[in-house]
Amino acid sequence: MKILVTGFEPFGKDSLNPSSMVLSSLPSTLWGCEIDTLCLNVEATKAEASLKQQLTKGYDGVILLGVARGRSNLTIERVAINIDDYRIPDNDGNTRQDLTIVEDGPAAYFSTLPYREMERVLQEHQIPCAISNSAGTYLCNHMFYVCAHESALNNPNCKLGFVHVPAIPTMVVNEAVASMSMEMIEKAVLLMVKTLILSFCKKVAVSACLCGKNCKYNGGNNLNESLMILLKNHECIEVCPEVQG
Ligand code: PCA
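One structure accompanies this document, and this report is about it.

Criteria and thresholds
Residues numbered from 1 in each chain as written. Predicted model: local features only at pLDDT ≥ 70, side-chain atom pairs only at ≥ 80, totals over all residues. Heavy atoms only, no water. Near = heavy atom within 4 Å. Polar contact = N/O pair within 3.5 Å; in protein donor to acceptor, adjacent residues only side chain to side chain. Helix = DSSP H or I, 4+ residues; strand = E, 2+ residues; numbered from the N terminus. Nonpolar A, V, L, I, M, F, W, Y, C, P; charged D, E, K, R; others polar. Buried < 20%, exposed > 50% of the residue type's maximum accessible area, 1.4 Å probe, protein only. Contact = heavy atoms within 4.5 Å. Phe/Tyr/Trp six-rings, centres within 6.5 Å; stacked < 30°, edge-to-face > 60°. Lys NZ or Arg CZ within 6 Å of the ring centre and 35° of its normal. Expected span 1.5 Å × (residues − 1). Salt bridge = Lys/Arg side-chain N within 4 Å of Asp/Glu carboxyl O.

1. Overview of the site of the ligand
Argument step 1. Around the ligand, a shell composed of Phe8, Phe11, Asn17, Gly66, Val67, Tyr138, Leu139, Cys140 and His164 is seen.
Argument step 2. For the ligand, an oxygen atom lies 2.9 Å from a polar atom in the side chain of Asn17.
Argument step 3. The backbone of Cys140 places a nitrogen or oxygen atom 2.9 Å from an oxygen atom of the ligand.
Argument step 4. At the level of secondary structure, the elements contributing two or more residues to the shell around the ligand comprise strand S4 (61–67) and helix H4 (139–154).
Argument step 5. Looking at the shell around the ligand residue by residue, the class counts come to six nonpolar, three polar and no charged.

The structure is reproduced here in structure tokens:
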């Protein structure tokens, strides 16, 4: 299985973008799944070219990330719309107003990520998060739409969608603007990747000691509460190789 996570370079007045900063914190493999990362330009033609090139690898899942300055929580986007209407110029100075992204393309694409489950998992980890019904009309919406369109044509089983992260504190030290720590964003993105991987699994084999079974050599267990939250809606088969041996 292969998952792609993308972020964006900084844009506008910001010299940082947590959506690409978070990428280096991800492992390159997780639970047998390959995880690739890609930083996109804040300019549509370049971003489209690099994403389309990357998508030829044939991913099972794609999580696109961007920053939404001013939002206080992580927002999992439900829908990408076929419109560019830039609030500020992109990084090459281009502006776009009232333009369709793909001529004759559908008006919108819905996220195919397990977004309700992602929302539950994040909230149960005490990470502020919500489903959002607008990814805006700038580069984030644009790349969400382009990715969905590309996958509808070439890889229809791919689960993909967009998540906006808030600004980090260093971006807003002298402004009354909401922020979230980089540490929390890193934790959230990893949890979303895990939730996505698990969404492909009908049954999950899990070490019994991680579920709280007292099967360890010393009579105790290694209860992992985060894992229990992740596995709540899954059929789990608890295994203990030592006991079975
Ligand atoms: N956020 C912008 C584009 C790049 C990014 O990180 C947006 O919300 O459209």
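2. Details of the side chain of Asp14
Argument step 1. Among the structural elements, Asp14 can be located in the loop between strand S1 (2–8) and helix H1 (18–21).
Argument step 2. Accessibility expressed as a relative area gives 13% for Asp14, which makes it buried.
Argument step 3. Not counting the four nearest positions on each side in its chain, Asp14 is found in contact with Arg69 and Met171.

3. Focus: the side chain of Glu117
Argument step 1. Within the fold, Glu117 resides in helix H3 (residues 115–124).
Argument step 2. Look at Glu117 and you get buried, because its relative accessible area is 16%.

4. A word on the packing of aromatic side chains
Argument step 1. Within this structure, the stated rule accounts for four aromatic pairs.
Argument step 2. Ring-pair connections join several aromatic residues into one group, and the members of that group are Phe11, Tyr86 and Tyr138.
Argument step 3. When the ring centre of Tyr138 is taken as reference, the NZ or CZ atom of Arg87 above it lies at 5.7 Å.
Argument step 4. Across the ring face of Phe200, the terminal group of Lys159 is positioned such that the distance to the ring centre comes to 4.5 Å.

5. Points about H4
Argument step 1. If you check H4, its first and last C-alpha atoms are 22 Å apart, about what 16 residues at 1.5 Å a residue would give, namely 22 Å.
Argument step 2. Taken across its 16 residues, H4 has 13 buried, putting it largely inside the fold.

6. Some thoughts on the environment of Cys215
Argument step 1. Within the fold, Cys215 resides in the loop between strand S10 (203–207) and helix H6 (225–231).
Argument step 2. On a C-alpha basis, the gap between Cys215 and Ile63 in space is 37 Å, while along the polypeptide they are 152 residues apart.

7. Comments concerning the environment of Val62
Argument step 1. Tracing the backbone shows Val62 in strand S4.
Argument step 2. Apart from residues lying up to four places away in sequence, Val62 is in contact with Leu4, Leu55, Leu113, Cys147, Cys158, Lys159, Leu160, Gly161 and Leu196.

8. Considering H3
Note on helix geometry: an α-helix contains 3.6 residues per turn, so any two residues three or four positions apart are oriented the same way.
Argument step 1. Counted residue by residue, H3 has seven buried out of ten residues, so it is predominantly covered.
Argument step 2. All of the buried residues in H3 are Tyr115, Glu117, Met118, Glu119, Arg120, Val121 and Leu122.
Argument step 3. Next to the buried residues of H3 lie S4, strand S5 (74–77), strand S8 (129–132), helix H5 (182–198) and H6.

9. Some words on the pattern of salt bridges
Argument step 1. Overall, the coordinates contain 15 salt bridges when judged by the stated rule.
Argument step 2. A salt bridge links Glu119 to Arg116, with the nearest nitrogen and oxygen atoms 2.9 Å apart. Pair noted here: Glu119 and Arg116 are both in helix H3, with a separation of three residues, about one helical turn.
Argument step 3. With a closest N to O distance of 2.6 Å, Lys213 and Glu238 form a salt bridge. On the criterion of sequence distance, the pair formed by Lys213 in the loop between S10 and H6 and Glu238 in strand S11 (residues 235–239) is long-range, its members being 25 residues apart.
Argument step 4. Counted as one network, the salt bridges with shared partners bring together Lys13, Asp14, Arg69 and Glu175.

Coordinates in, geometry out; function isn't part of it.
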